[in-house]
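Next come the chains, spelled out residue by residue.
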Amino acid sequence: MNFFEQKPKNIFRFPKHIVSNKYLFFVVAFIIVFSCNSVYAKRLKYGPVQEIAGPGGREYLHRSFTTWESGIFPHERYIVFEPSEPVPEKAGFVLLIHDLLTPSPQYYMGQIRHLCRKGWIVLFPYYQGTDQPEKHYMFNIIRSTKDYLQRSFEKNKIQTDHTRFAIFGHGAGAVLAANTAATYDYFGLPIPKVLIISMPNRDYIKMLDLNGVSRETRMAVITGDRVPEEDAIAASEIFYTAKRVKTANKIYVYIQSDYYGQPPLIGNRAAALSPEYPPKHKVILERRNEYIHSFKSKHLAQYIKADDIENFDWKVDFRVFDMLSIAAFNLNSDLKPMKKSEEFRSMGYWSDGRKVKPLIVTDRP
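Everything quoted here is computed from the prediction, not taken from an experiment.

1. Examining the confidence of the model for the protein
No. 1: Summing up the model confidence of the protein, the mean pLDDT is 85 and the portion of residues at 70 or higher is 80%.
No. 2: Across residues 1-14, confidence stays below pLDDT 50; counting only partners more than four residues off in sequence or on other chains, it has three contacts.
No. 3: Confidence over residues 295-306 falls short of pLDDT 50; this stretch has 23 contacts with residues more than four positions distant or in other chains.

2. Here we look at the side chain of His170
No. 1: Note that His170 resides in strand E5 (residues 159-170).
No. 2: When its relative accessible area of 0% is taken as the criterion, His170 is described as buried.

3. Side note on the nonpolar core
No. 1: Core analysis: the biggest nonpolar cluster contains 46 residues, and Phe81 and Ile196 have the highest contact counts within it.
No. 2: If one sorts the elements of this core by residue count, helix H11 (residues 311-331) sits on top with eight residues.
No. 3: Each residue touching Ile196, except ones within four places of it in the same chain, is listed here: Ile167, Phe168, Gly169, Ala220, Ile222, Val320, Phe321 and Leu324.

4. Looking at the pattern of salt bridges
No. 1: Scanning all chains against the criterion turns up 13 salt bridges.
No. 2: Ionic pairing is found between Arg113 and Glu276, a salt bridge with its closest N-O pair at 2.5 Å. Taken together, the positions of Arg113 in helix H3 (residues 109-117) and Glu276 in the loop between strand E8 (250-255) and helix H8 (282-286) put the pair 163 residues apart, joining distant regions of the chain.
No. 3: Since its relative accessible area comes to 27%, Arg113 is described here as partly exposed.
No. 4: For Glu276, a relative accessible area of 24% translates into the label partly exposed.
No. 5: In this structure, the salt-bridge partner of Asp203 is Arg269, at a minimum N-O distance of 2.9 Å. Of the two residues, Asp203 sits in the loop between strand E6 (192-198) and strand E7 (218-224) while Arg269 sits in the loop between E8 and H8, which places them 66 residues apart along the sequence.
No. 6: Residue Asp203 is classed as partly exposed on the basis of its relative accessible area of 25%.
No. 7: Three or more residues are tied together by salt bridges with common partners; here these are Asp99, Asp203 and Arg269.

5. Some details on empty space enclosed by the protein
No. 1: In this structure the tally under the stated criterion is two cavities of 30 Å³ or more.
No. 2: Each pocket or cavity is described by its volume, and for the largest cavity that value is around 50 Å³.
No. 3: In terms of lining residues, the largest cavity is bounded by Gln50, Glu51, Pro55, Gly56, Gly57, Trp314, Lys315 and Arg319.
No. 4: Taken together, the residues of the lining of the largest cavity break down into two nonpolar, three polar and three charged.
No. 5: There is about 30 Å³ of room inside the second largest cavity.
No. 6: Around the second largest cavity, the lining residues are Ser198, Met199, Ile222, Ile255, Ala271, Ala272, Phe312, Val316 and Asp317.
No. 7: Looking at the lining of the second largest cavity, the element that brings in the most residues is H11, giving three residues.

Scoring rules and cut-offs
- Residues numbered from 1 in each chain as written.
- Predicted model: local features only at pLDDT ≥ 70, side-chain atom pairs only at ≥ 80, totals over all residues.
- Heavy atoms only, no water.
- pLDDT = per-residue confidence, 0-100.
- Contact = heavy atoms within 4.5 Å.
- Helix = DSSP H or I, 4+ residues; strand = E, 2+ residues; numbered from the N terminus.
- Buried < 20%, exposed > 50% of the residue type's maximum accessible area, 1.4 Å probe, protein only.
- Core = buried A, V, L, I, M, F, W, Y, C linked by side-chain atoms within 4.5 Å.
- Salt bridge = Lys/Arg side-chain N within 4 Å of Asp/Glu carboxyl O.
- 1 Å grid on protein atoms, 1.4 Å probe; cavity = no way out; pocket = protein on both sides within 12 Å on 5 of 7 lines; lining within 4 Å.
- Points joined across faces, edges and corners; volume = space filled by probe spheres on them.
- Nonpolar A, V, L, I, M, F, W, Y, C, P; charged D, E, K, R; others polar.

Pasting the structure below:
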């Protein structure tokens with residue numbers, strides 16, 4: 001008998017002593033379970049989606065927004081986003097102050113859309129301009145805000161509710177937001193009853209005496225575990241030096257990075273960005289010298305990447321703003337319930353059921 005005449009052996013045939021063994025069932029079951037787990041392990045784990053209702057959720061009053069601009073010179077320009085469909089008769093407004101290297105509303109469009117659809121007017125000043133020294137930035141913001149209040153009164157399309165004024169600042173803009181909130185009375189601005197300081201970074205911005213921040217303000221300082229040490233120090237300093245704000249009315253939110261799934265959630269300075277379509281980086285080319293001078297190489301990738309909207313937007317910036325505005329304008333309450341809430345600390349679940357690392361919330365950073 002040659003090779004081709006041999007009957008092929010059944011390589012899957014179990015030996016007789018195993019076939020008759022009572023443990024065969026468990027062997028087969030183990031192989032099946034192991035195979036299924038191996039296939040499942042190769043699947044990507046995705047992060048949570050935006051919730052329907054509640055703070056940070058997608059239960060909206062308006063379907064869209066409209067825009068108009070003002071200002072001739074670059075440092076005087078600002079753009080206004082107003083809720084529409086339906087157009088409200090009256091709305092509060094949010095002063096959104098960008099970081100130095102993200103001077104375009106496209107970097108914050110997810111948050112702008114969220115705020116407008118919740119019923120807020122958003123004012124976005126281009127405060128940097130061309131060759132403007134840093135000491136002028138805050139005055140440019142003040143000028144734009146006062147000009148907006150005058151022009152919105154003239155337009156009379158949507159009446160601006162001066163009693164519902166909030167400020168959100170990111171990066172260097174967070175320090176400018178704190179300075180603006182501390183000088184509102186001197187410059188004749190409405191009282192900023194909500195102040196969000198997100199990932200503060202001093203850069204070349206001098207921080208003023210923050211004793212001027214109103215007692216009526218509800219303040220949140222947001223930072224993360226992947227920010228440089230000097231930024232973490234700036235966050236704590238802003239929190240403590242706003243002394244007129246009672247401890248019950250301010251909250252310190254610390255983001256923990258979580259690399260388990262896709263996309264990874266990174267608690268760095270770029271976590272506050274919410275671009276719907278990652279913007280072209282023409283601004284980086286135009287301001288190359290300033291860019292290199294301002295940041296070390298290890299910080300470049302996060303701004304070039306400019307992640308899409310993800311869990312840190314819904315569960316942190318969107319939700320914190322919504323909760324502070326409810327406390328300040330609707331309930332006139334302090335922030336103690338936020339500090340005690342396990343639901344607020346929760347960041348949801350990955351697609352396989354594993355918990356995303358929770359927020360650390362305190363008033364003793």
